[in-house]
2 protein chains.
Amino acid sequence: MTVAKLGEHALLARIRSKLPRSRSDVLIDIGDDAAIVDVARNEQTVLTTDALVEDVHFCRQWSSPGDIGHKALAVNLSDLAAMGATPRWVLLSLVLPGQCAVEDVEELVASLGALAQAHGLSVVGGNLARTDGPMVVDVTAIGTVRPRRALSRSGGRPGDDLYVSGTIGAAAAGVEMLRERAPADDADLACLSRHRRPEPRVALGLAMGRARAVRAAMDLSDGLADAVRQVASASACGAIVEASALPIDPGAARWWQQRGRDAVLSAVAGGDDYELLLAAPPAWRGRLRAARR
Amino acid sequence: MTVAKLGEHALLARIRSKLPRSRSDVLIDIGDDAAIVDVARNEQTVLTTDALVEDVHFCRQWSSPGDIGHKALAVNLSDLAAMGATPRWVLLSLVLPGQCAVEDVEELVASLGALAQAHGLSVVGGNLARTDGPMVVDVTAIGTVRPRRALSRSGGRPGDDLYVSGTIGAAAAGVEMLRERAPADDADLACLSRHRRPEPRVALGLAMGRARAVRAAMDLSDGLADAVRQVASASACGAIVEASALPIDPGAARWWQQRGRDAVLSAVAGGDDYELLLAAPPAWRGRLRAARR
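On a predicted model such as this, the values are computed, not experimentally measured, just so you know.

A few points about the overall build of chain A
Each helix and strand in chain A was counted, giving eleven helices and nine strands. Seen through its principal axes, chain A has C-alpha atoms that stretch 60 × 55 × 30 Å. Considering chain A as a whole, with its 293 residues, one finds that 57% of them fall into the buried category. Relative to all contacts within chain A whose residues are 6 or more apart in sequence, the contacts with residues 24 or more apart total 85%. When the accessible surface of chain A is totalled, it reaches about 12000 Å², and 48% of it is carbon and sulfur. One way to put it: in chain A the 34 positive side-chain charges average out to a point 8 Å from where the 35 negative ones average out.

Put into C-alpha cells, the structure is as follows:
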C-alpha cells in the first residue's frame, strides 16, 4: 500500500499507533491544531530544527526507513546536547512522495519514537505533506535548561583547552564505503553505523552544563574543522588544533590510509560526526573529568 | 546569483540581515546550535509545524517569493489562533533547490519576517538544506497560552452553535482562476489574494480564548466540511450545517455559478481558508459578541 492510496487521515492514524504515549507534561497531544506542553518553572526553553533531505542527507538504498527516522531525531538531539539542554518534546514534519510504502513510513516513525522514548521525549505533533520530489524528514526538538546552565558557542576564552567527545571521521568514511564497495569487516560496519544511526551526546552535554564544566560547546554536524572555526569566531579567539592529538576513528583512518589519503584532513573535513566540541580552561580539568563520570 | 553558488554560510548571513531584531525574551538567537527563549511564568507552551511544498501548496509562477514566505508563517499562525495562543517565536526550515536565486530567498524571508513582526513574533532559528527537488518551506511556530484559556477541538457539546469567521471559498476559487484565466476584476483579485496571502485570525482566536467565549475551535485549513467533521468527532457530537447560512465569498460564489457549479459544495470542500470554526452554546452569544469587539 502506498501513502497516496491510503490518504492523509488514515496515514495519521497509523503513525499515531506507532508512537509511545506522551508524558504528563503534555496537555494537548497530536490531533489538535497545535500541541500544548508545560515548561517547568525556572526552566528556559531550547528550540532547534534540522531536516534530512533524500539524496542529500540520506539515500534510501543505503539507509533503512528505521535508520532515517532515528537519524532525523538524533541530529536534533545533538543540537540540544550542545546547548546542555534536557530533550522534552518533538514535532515531526514529513514530506512524503505518494509512491512511498506505508510500511516504510511506519518503520521510520517507530524508530524515531523509540529514540524519543529512550531519551524521555514525547512526540507531540507534526505535519504530513505530499511531494512529487524527494522525501524530507524535518524535526523540531524542544528542550529545557535551567538559567545559567546553558552552553553556547560564544563562551570560549583565550587559553581554553579544546576537547572532542568520542572519535571523528567514521561517518564520513562510512558514506565513502557505501559509495565504493561492500563493508569488509567490523571496523567498516562501525563506520556505516555511525553514518546511519548516530548516537547524540545528550547525557554528556547535560552533565557539562549542569556542572558548569565547560565554557563553550558545539556539535560537529559539519565536521571538526567547521566547529573549531565557529566556536573560535563566536568566542572572538583563535584556535590551534594538534593533528597528532585528534581521536580519529581507527576504521576511518585505515580506510583513508589504504587509499593514500591524509586521514587527519579527511577526518576534520568530514561532517555527520555528532560529537561535541567543548572549550574549558586548564584549571577546570578536574571538574570536567568528574562531570564526565 | 544562485543559492548553490553563494554557499550556506553566506546565505545564512544574508537571511539574518533580512530579519527584524528579536525581542528581549529571546536569550540565544540564530547562530548557535539552538535558540533559547523564556516562557513567562503561568504560561503554557503551544507548538505547531506546517510545511508548504512547491507544486503542491504553491507554484512559483503564481505566487511571488514574498507570497510564499507570508503564507508559510500565516498557516502556522492560523493553528496558534485556533488554540487561542499568543504567537511568540518562529523557526524557519528552508529546503532550497541549488538554482534558486538568492534574491528570491531574501524576499521570502523578508516577507515572513514582516508578518512575524506584525504579530510580535521573533524568528529565533531554523535550518538550511539543499534539494534536487521542489522547494519546501517548513515553519514551526511557538506560542503561549494561560492555563484554562486554551481552545481545543474537543470542547463542543450537543446544542452548541457553530460560527465561522470571515467568508469561505475564496482561496479555492482563487486557485481555480489561476489555473484557468487572468483575473477579471477586483472580486477575482480578492480571491487570488486569499490564496496567496491569507491573513490568520490571531486576534480573534486570542480574544475567544481569553474571554472563554467559545467551547471549541479549529482553523479551516482543509475546508469547512473537514473542520465541522473534525470538531464534531473530537467533541463526540453530530453537526448540522445550514447551507443557506454559510458566508460564501461573493467573488467565489459568482465564479462557481458562472460555471454551473454548486457554490455551497465547492466552498465547503475548498481548503486554504484559514478562518476559524467556533462552537459555543446559545447562552454565550452575548459574551462571544463582546469578545469579538
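Description of the interface of chain A and chain B
Counting from both sides, the interface comprises 53 residues of chain A and, opposite them, 53 residues of chain B. Of the roughly 4200 Å² buried between chain A and chain B, counting both surfaces, carbon and sulfur atoms make up 57%. Of all residues in chain A, Asp33, Ile36 and Leu47 of chain A give up the largest surface area on contact with chain B, accounting jointly for 17% of the area buried on that side. Our count for the contact surface shared by chain A and chain B stands at four salt bridges. Here aspartate 33 of chain A ties to arginine 153 of chain B by a salt bridge, and the two come within 3.2 Å at their closest N and O atoms. Connecting chain A to chain B are 23 residue pairs in polar contact (both at pLDDT 80 or more). Considering only residue class, the side of chain A that touches chain B consists of 26 nonpolar, 15 polar and twelve charged. Of the pairings in the sheet, the one linking strand β2 (residues 35–37) of chain A to strand β3 (residues 44–53) of chain B comprises three bridges and is antiparallel in character.

Regarding the side chain of asparagine 127 of chain B
For asparagine 127 of chain B, the position within the fold is in strand β5 (residues 122–131). A polar contact is formed between the side chain of asparagine 127 of chain B and the side chain of aspartate 50 of chain A, at a distance of 3.4 Å. Apart from residues no more than four positions distant in its own chain, asparagine 127 of chain B is found in contact with Thr49, Asp50 and Ala51 of chain A together with Leu92, Ser93 and Leu94 of chain B.

Looking at the pattern of salt bridges
Across all of its chains, the model carries 35 salt bridges over all chains by this definition. Residue arginine 60 of chain B is joined to glutamate 54 of chain B by a salt bridge in which the shortest nitrogen-to-oxygen separation is 3.0 Å. Given a relative accessible area of 11%, glutamate 54 of chain B falls into the buried group. The residue aspartate 161 of chain B makes a salt bridge to arginine 285 of chain B at a minimum N-O spacing of 2.9 Å. Highlighted residues: aspartate 161 of chain B in strand β7 (residues 161–164) and arginine 285 of chain B in helix α11 (residues 285–292), separated in sequence by 124 residues. Among the residues examined, arginine 285 of chain B registers a relative accessible area of 37% and is labelled partly exposed. A cluster of three or more residues bridged by salt bridges with shared partners is formed by Arg194, Arg201, Asp273 and Glu275 of chain A.

Re empty space enclosed by the protein
All names here are of chain B. Taken as a whole and assessed by the stated rule, the structure comprises one cavity of 30 Å³ or more. By volume, the largest cavity is sized at about 40 Å³. What lines the largest cavity is Leu52, His57, Phe58, Ser63, Asp67, Ile68, Lys71, His195 and Arg196. Of all the secondary-structure elements, those providing two or more residues to the lining of the largest cavity are α3 (65–82) and α6 (186–196). Sorting elements by how many residues they give to the lining of the largest cavity places α3 first, with three residues. In the lining of the largest cavity, the residues fall into three nonpolar, three polar and three charged.

Brief notes about the side chain of serine 235 of chain B
Residues and elements named next belong to chain B. Among the secondary structure elements, serine 235 is positioned in the loop between α8 (224–234) and α9 (250–258). At 2.9 Å, the side chain of serine 235 and the backbone nitrogen of glycine 156 are in polar contact. For serine 235, the residues in contact, after removing those within four places along its chain, are Arg153, Ser154, Gly155 and Gly156.

As for the confidence of the model for chain A
Close inspection of predicted coordinates is inappropriate in any region flagged by low pLDDT. The pLDDT averaged across chain A works out to 95; a share of 100% of its residues lies at or above 70. Here the prediction assigns the complex a pTM of 0.96, and the interface score ipTM is 0.95.

Re the relation of the copies chain A and chain B
Of the transformation superimposing chain A on chain B, the axial component is 0.0 Å and the angular component is 180 degrees, with the fit at an RMSD of 0.0 Å. Taken together, the rotation angle and the small translation identify this as a two-fold axis. Identified as the residue of chain A closest to the rotation axis by C-alpha distance is glycine 133 of chain A, at 2.4 Å.

Some words on the sheet that holds β2 of chain A
Pairing is mixed across the open sheet formed by six strands, whose spatial order is β1(A)-β2(A)-β3(B)-β6(B)-β4(B)-β5(B). Where the open sheet ends on each side, the last strands, each with one partner, are β1 (26–28) of chain A together with β5 of chain B. Shown here is a sheet whose adjacent strand axes are inclined to one another by a mean of 20 degrees, direction ignored. Of the strand pairs in this sheet, strand β4 (residues 86–97) of chain B and strand β6 (residues 136–145) of chain B are connected by nine bridges, and their pairing is antiparallel. Following the sheet pairing, leucine 94 of chain B is matched in β6 of chain B by valine 137 of chain B. Sitting on the sheet, helix α4 (residues 102–118) of chain B is in contact with β4, β5 and β6 of chain B, with an inclination near 170 degrees to β4 of chain B.

Topic: helix α7 (residues 202–210) of chain A
The α-helix advances 3.6 residues per turn, and as a result positions three or four apart in sequence lie on the same side. Residue and element names in this part refer to chain A. Taken as a whole, α7 has its buried residues at Val202, Leu204, Gly205, Leu206, Met208 and Gly209. Buried residues in α7 make contact with α3 (65–82), β4 (86–97), β9 (276–280) and α11 (285–292). Phi turns positive one or two residues past the end of α7, at arginine 212, with a value near 45 degrees.

Conventions and cut-offs
- Residues numbered from 1 in each chain as written.
- Chains lettered and ligands numbered in written order.
- Predicted model: local features only at pLDDT ≥ 70, side-chain atom pairs only at ≥ 80, totals over all residues.
- Heavy atoms only, no water.
- Helix = DSSP H or I, 4+ residues; strand = E, 2+ residues; numbered from the N terminus.
- Buried < 20%, exposed > 50% of the residue type's maximum accessible area, 1.4 Å probe, protein only.
- Contact = heavy atoms within 4.5 Å.
- Areas by Shrake-Rupley, 256 points an atom, 1.4 Å probe, with all protein chains shown as cover.
- Lys, Arg positive; Asp, Glu negative; His and termini not counted.
- Charge placed at Lys NZ, Arg CZ, Asp CG, Glu CD.
- Buried area = accessible area lost by both parts, 1.4 Å probe.
- Salt bridge = Lys/Arg side-chain N within 4 Å of Asp/Glu carboxyl O.
- Polar contact = N/O pair within 3.5 Å; in protein donor to acceptor, adjacent residues only side chain to side chain.
- Nonpolar A, V, L, I, M, F, W, Y, C, P; charged D, E, K, R; others polar.
- Pairing = 2+ DSSP bridges.
- 1 Å grid on protein atoms, 1.4 Å probe; cavity = no way out; pocket = protein on both sides within 12 Å on 5 of 7 lines; lining within 4 Å.
- Points joined across faces, edges and corners; volume = space filled by probe spheres on them.
- pLDDT = per-residue confidence, 0-100.
- Least-squares fit on C-alpha atoms with pLDDT ≥ 70 in both.
- Axes fitted to C-alpha atoms, helices over the stretch in contact; angles between N-to-C directions.

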